[in-house]
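Given next are the chains, with one letter for each unit.
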2 protein chains.
Amino acid sequence: MERVNAFILSRTGSSVTMIPEVANHLISSGGKRLRPMLTLATASLCGYEGDGDVRLAAAVEFMHTATLLHDDVVDDSDMRRGKLAARKLWGNEASVLVGDFLLGQAFKMMVEVGSLEALRILSEAAAVIAEGEVMQLSAAKNTATTEDDYLAVVRGKTAELFAAACEVGPVIAGRPKEEQAAARSYGMNLGVAFQLVDDALDYGGREAKLGKKVGDDFREGKITLPVVLAYRRGDAQERAFWKRTLENGEADDADLQEAIRLLGKHGAIDDTIARARHYGAIARDALGLFREKPEARALIDVVEFVTARAH
Amino acid sequence: MERVNAFILSRTGSSVTMIPEVANHLISSGGKRLRPMLTLATASLCGYEGDGDVRLAAAVEFMHTATLLHDDVVDDSDMRRGKLAARKLWGNEASVLVGDFLLGQAFKMMVEVGSLEALRILSEAAAVIAEGEVMQLSAAKNTATTEDDYLAVVRGKTAELFAAACEVGPVIAGRPKEEQAAARSYGMNLGVAFQLVDDALDYGGREAKLGKKVGDDFREGKITLPVVLAYRRGDAQERAFWKRTLENGEADDADLQEAIRLLGKHGAIDDTIARARHYGAIARDALGLFREKPEARALIDVVEFVTARAH
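By the naming in an unreviewed UniProt entry, chain A is Polyprenyl synthetase family protein, taken from Chenggangzhangella methanolivorans. Database annotation for chain A, UniProt heading Cofactor (unreviewed entry): "Mg(2+)". Checking UniProt for chain A, the heading Sequence similarities (unreviewed entry) contains the comment "Belongs to the FPP/GGPP synthase family."

See below:
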């Protein structure tokens with residue numbers, strides 16, 4: 001990971017000084033680097049010995065950073081990882097354009113690795129992620145969103161990058177399709193579990209731990225799984241509450257407290273975490289093929305880490 | 001359901017005597033009529049008062065019967081619902097063609113109802129089901145199948161018809177998109193739960209209860225979720241066993257006993273049922289919108305019935 005970090009820093013450089021400023025604001029703000037770690041871990045799991053994994057891992061982190069920059073613009077967010085969002089410091093235009101720059105850099109790094117198959121996987125992921133974000137745009141503020149609809153959003157906007165980050169490991173190691181599919185399945189289900197736990201934490205995590213404020217999703221009118229469950233389990237009066245606060249965007253702090261009370265009443269947070277565990281279990285089983293390898297243990301620990309964040 | 005049964009019998013008639021013979025052999029063989037019941041129940045849930053629901057329910061059962069006839073040919077099955085499969089009595093050709101006849105009749109009934117939207121949903125389902133069967137053809141005998149791959153097969157070959165059967169209820173009742181999506185989500189997840197329980201029962205159900213022999217999936221080299229889990233949880237020697245018996249089709253009765261032992265060793269049957277319960281929980285939540293309606297209780301009971309079959 002040190003080599004990935006060094007490589008990332010070396011590639012945010014530009015003679016346009018605003019670019020490294022904006023990029024490094026976010027990149028050096030203490031993200032978990034979970035996605036690039038997955039690329040390194042799956043490559044190592046598959047016995048890869050070159051240095052393409054470092055470039056692909058950095059590319060994955062750039063893709064992730066680019067989507068964060070763009071997300072904050074789309075969602076009008078003020079905070080990101082406990083700091084002011086880049087858009088609050090440099091504006092929306094800079095956030096959009098630096099995001100595009102990072103995406104371009106990501107593709108350049110992938111090309112340097114020279115694996116057309118890895119390029120295909122990551123560029124497809126870029127398209128699917130954008131598609132997931134657009135789906136979320138339509139689903140946002142719409143209390144009619146079903147759990148299946150929401151899972152499709154999560155697969156696109158979050159889990160697809162996890163899946164691609166894991167799939168390129170066996171690909172550059174030249175491993176058979178069977179192992180590529182297993183790594184992809186691990187990443188996809190880990191990503192879903194990760195997002196669902198995130199959704200639960202948004203209504204219950206401590207602010208410091210979360211790096212953003214409790215209730216951000218609520219304030220932004222985002223329909224996430226806890227709300228999907230509470231909405232469907234609630235009576236007509238409760239549904240009217242969710243419609244007013246999420247669809248019409250009239251939520252204040254007292255509403256957030258009421259939302260948290262309703263989520264608790266219907267067990268929506270606990271059941272969101274139970275759903276996340278299901279996907280975690282699938283991720284763990286997907287790794288079975290590699291079970292004899294010591295690196296598999298670390299990847300199984302990631303599943304535990306992701307689902308244990310909920311406590 | 002009596003009206004559906006009468007309607008079904010009235011529509012298997014043909015001056016080609018083999019057609020009613022083959023069709024009635026299967027149709028009157030005591031299937032659970034679960035799918036047409038779902039259409040009646042969701043239509044009634046949505047306050048539908050016409051008689052289109054009976055025709056659509058019959059169409060759904062015809063589509064289901066057609067796929068069973070075709071499946072038995074594709075799988076070389078000898079038994080169906082505790083009786084000899086139609087193909088053993090009348091041959092493969094008759095089974096294929098009578099299946100086509102039933103599919104044609106199903107579309108005629110749908111047209112009679114006059115809802116273009118219901119037609120669209122059910123004809124799309126017909127295409128998706130066929131697609132699911134073809135996917136299974138490629139996945140069959142391939143131990144590399146991941147849990148995600150397998151779930152995609154299940155969504156296509158089984159759950160899609162459940163979803164469509166449920167979705168047309170609110171559609172002919174003229175209910176809003178929100179309720180259509182909820183009914184569809186209920187059916188889709190119920191269908192996944194149903195198929196996973198079926199997969200578990202294939203290795204553990206009593207023959208009389210199952211209407212087919214224990215281990216049929218194994219003998220046919222079908223990769224189902226219990227096998228996906230046991231394969232990934234097993235060591236190299238166990239994987240060689242699964243490859244030999246399923247991929248090379250060299251399974252005898254002693255192999256079946258060994259397969260059942262390995263499934264038990266890895267908790268693969270129990271975990272298949274735990275996964276089914278997850279989808280059952282999603283189905284139950286999807287119905288939340290209708291919770292005030294008494295008919296919703298019956299549909300929730302179906303979820304219980306489907307997951308309780310495992311005991």
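What follows picks up the thread again.
## Here's the deal with the interface of chain A and chain B
The interface of chain A with chain B comprises 31 residues on the first partner and 31 residues on the second. Each partner contributes to the roughly 2500 Å² buried at the junction of chain A and chain B, and carbon and sulfur atoms together form 44% of this total. For chain A, the biggest contributors to the area lost against chain B are A:Arg232, A:His278 and A:Asp285; these three give 25% of the whole. Its salt-bridge partner being A:Asp285, residue B:Arg275 comes within 3.0 Å of it at the nearest N-O pair. Where chain A meets chain B, there are 22 residue pairs in polar contact (both at pLDDT 80 or more). Those elements that provide at least two residues to the side of chain A that touches chain B are helix H8 (147-172), helix H9 (177-202), helix H12 (225-233), helix H13 (236-247) and helix H15 (268-286) of chain A. In terms of residue class, the side of chain A that touches chain B is built from twelve nonpolar, seven polar and twelve charged.

## So, the pattern of salt bridges
Across all of its chains, the model carries 54 salt bridges over all chains by this definition. The salt bridge partner of A:Arg275 is A:Glu147, with a shortest N-O separation of 2.7 Å. Remark: A:Glu147 occurs in helix H8 and A:Arg275 occurs in helix H15; sequence separation between them is 128 residues. Residue A:Glu147 is classed as buried on the basis of its relative accessible area, which comes to 5%. The buried category is assigned to A:Arg275, whose relative accessible area is 5%. Members of the salt-bridge network, linked through shared partners, are A:Glu147, A:Arg233, A:Asp271, A:Arg275 and B:Asp285.

## Concerning the relation of the copies chain A and chain B
Once chain A has been moved 0.0 Å along the axis and rotated by 180°, it coincides with chain B to within an RMSD of 0.0 Å. In short, the pair behaves as if placed about a two-fold rotation axis. In terms of proximity to the rotation axis, the leading residue of chain A is A:His278, whose C-alpha is 3.6 Å off the axis.

## What about helix H6 (residues 92-113) of chain B?
Residue and element names in this part refer to chain B. Along its 22 residues, H6 runs 32 Å from first to last C-alpha, staying within 8% of the 32 Å computed at 1.5 Å per residue. Turning to H6, its buried residues number three or more, namely Ala94, Ser95, Val98, Gly99, Leu102, Gln105, Ala106, Met109 and Met110. Taken down its axis, H6 places every buried residue within 145° of arc, on the same side. For H6, exposure combined with an orientation more than 90 degrees from the buried face picks out Glu93, Leu97 and Val111. Here the buried face of H6 lies against helix H1 (2-10), helix H2 (18-27), helix H4 (52-75), helix H5 (86-90) and helix H7 (116-139). Positive phi appears at Gly114, one or two residues downstream of H6, with a value of about 80°.

## Overview of the packing of helix H9 (residues 177-202) of chain B against helix H15 (residues 268-286) of chain B
Residue and element names in this part refer to chain B. In contact at an axis separation of 8 Å, H9 and H15 are set at 165° when each is read in the N-to-C sense. Looking at the two axes, H9 sits roughly antiparallel to H15. Considering how the two elements wind past one another, H9 and H15 form a crossing that is left-handed. The segment H9 lies against H15, with Ala182, Ser185, Tyr186, Asn189, Leu190, Val192, Ala193, Leu196, Val197 and Ala200 engaging Ile269, Thr272, Ile273, Arg275, Ala276, Tyr279, Gly280, Ile282, Ala283 and Ala286. Residues of the contact of H9 with H15, tallied by class, amount to 15 nonpolar, four polar and one charged.

## Focus on the nonpolar core
If you look at the biggest cluster of nonpolar residues, it comprises 193 residues, and the most contacted ones within it are A:Tyr186, A:Leu190, A:Trp242, B:Met63, B:Tyr186, B:Leu190 and B:Trp242. Discounting chain neighbours no more than four positions away, the residues touching B:Met63 are B:Leu103, B:Ala106, B:Met110, B:Leu122, B:Ala125, B:Ala126, B:Ile129 and B:Leu161.

## Considerations on the side chain of B:Arg232
Relative to the helices and strands, B:Arg232 is located in helix H12 (residues 225-233). A polar atom in the side chain of B:Arg232 sits 3.4 Å from the backbone oxygen of B:Thr145.

## Concerning the packing of H12(B) against H15(B)
All names here are of chain B. Two elements in contact, H12 and H15, have axes separated by 9 Å at closest approach and are oriented at 125°. What the angle tells us is that H12 and H15 run oblique. Here the hand of the crossing between H12 and H15 comes out right-handed. Seen from H12, the contacting residues are Leu225, Pro226, Leu229, Ala230 and Arg233; seen from H15, they are Ala268, Ile269, Asp271, Thr272 and Arg275. Residue composition of the contact of H12 with H15, by class: six nonpolar, one polar and three charged.

## Re H8(A)
All names here are of chain A. Helix length check: H8 (26 residues) gives 35 Å between terminal C-alpha atoms against 38 Å at 1.5 Å per residue, within 8%. Considering bend angle alone, the principal kink of H8 is centred on Ala159 and spans about 55°. For H8, the tally of buried residues reaches 22 of 26 residues, placing the bulk of the element in the interior. At the exit of H8 stands Gly174, carrying a positive phi of roughly 65°.

## Section: unusual backbone geometry
Phi is positive for A:Arg81, which is not a glycine, with a value near 50°. Tracing the backbone through its elements, the reader meets A:Arg81 in the loop between strand S1 (79-80) and strand S2 (83-84). A positive phi angle, near 60°, is found at B:Asp76, a position not held by glycine. Mapping B:Asp76 onto the fold places it in the loop between H4 and strand S1 (79-80). B:Asp76 gets classed as exposed once you look at its relative accessible area, which sits at 51%.

## Description of a nonpolar patch on the surface
Residue and element names in this part refer to chain B. A cluster of nonpolar side chains, contributed by Met79, Leu84 and Leu89, occupies part of the molecular surface with about 240 Å² of accessible area. Secondary-structure assignment places Leu84 in strand S2 (residues 83-84). Leu84 sits in the partly exposed class, given a relative accessible area of 41%.

## Describing the environment of A:Trp242
Residues and elements named next belong to chain A. As for its placement among the helices and strands, Trp242 is situated in helix H13. Using a relative accessible area of 0% as the deciding quantity, one classes Trp242 as buried. Apart from the residues lying within four places of it in its own chain, the contact partners of Trp242 are Thr143, Phe218, Val227, Ala230, Tyr231, Glu247, Ala259, Leu262 and Leu263.

## Some thoughts on the environment of B:Leu246
Residue and element names in this part refer to chain B. Among the structural elements, Leu246 can be located in helix H13 (residues 236-247). Along the sequence, Leu246 and Gly221 sit 25 residues apart, while their C-alpha atoms lie 4.3 Å from each other. Here Leu246 is in contact with Lys141, Phe218, Gly221, Lys222, Ile223 and Val227, once residues within four sequence places are set aside.

Each value, and the rule that gives it
- Residues numbered from 1 in each chain as written.
- Chains lettered and ligands numbered in written order.
- Predicted model: local features only at pLDDT ≥ 70, side-chain atom pairs only at ≥ 80, totals over all residues.
- Heavy atoms only, no water.
- UniProt positions renumbered as here; feature names shortened; annotations may be inferred.
- Contact = heavy atoms within 4.5 Å.
- Buried area = accessible area lost by both parts, 1.4 Å probe.
- Salt bridge = Lys/Arg side-chain N within 4 Å of Asp/Glu carboxyl O.
- Polar contact = N/O pair within 3.5 Å; in protein donor to acceptor, adjacent residues only side chain to side chain.
- Helix = DSSP H or I, 4+ residues; strand = E, 2+ residues; numbered from the N terminus.
- Nonpolar A, V, L, I, M, F, W, Y, C, P; charged D, E, K, R; others polar.
- Buried < 20%, exposed > 50% of the residue type's maximum accessible area, 1.4 Å probe, protein only.
- Least-squares fit on C-alpha atoms with pLDDT ≥ 70 in both.
- Expected span 1.5 Å × (residues − 1).
- Arc of directions from axis to C-beta.
- Axes fitted to C-alpha atoms, helices over the stretch in contact; angles between N-to-C directions.
- Parallel < 35°, antiparallel > 145°, perpendicular 65-115°, else oblique.
- Left-handed = near helix turned anticlockwise from the far one by under 90°.
- Core = buried A, V, L, I, M, F, W, Y, C linked by side-chain atoms within 4.5 Å.
- Bend = angle between axes of the 7 residues up to and from the residue.
- Patch = residues over 30% accessible without salt bridge, like charges linked within 9 Å, V, L, I, M, F, W, Y side chains within 5 Å.
- Areas by Shrake-Rupley, 256 points an atom, 1.4 Å probe, with all protein chains shown as cover.

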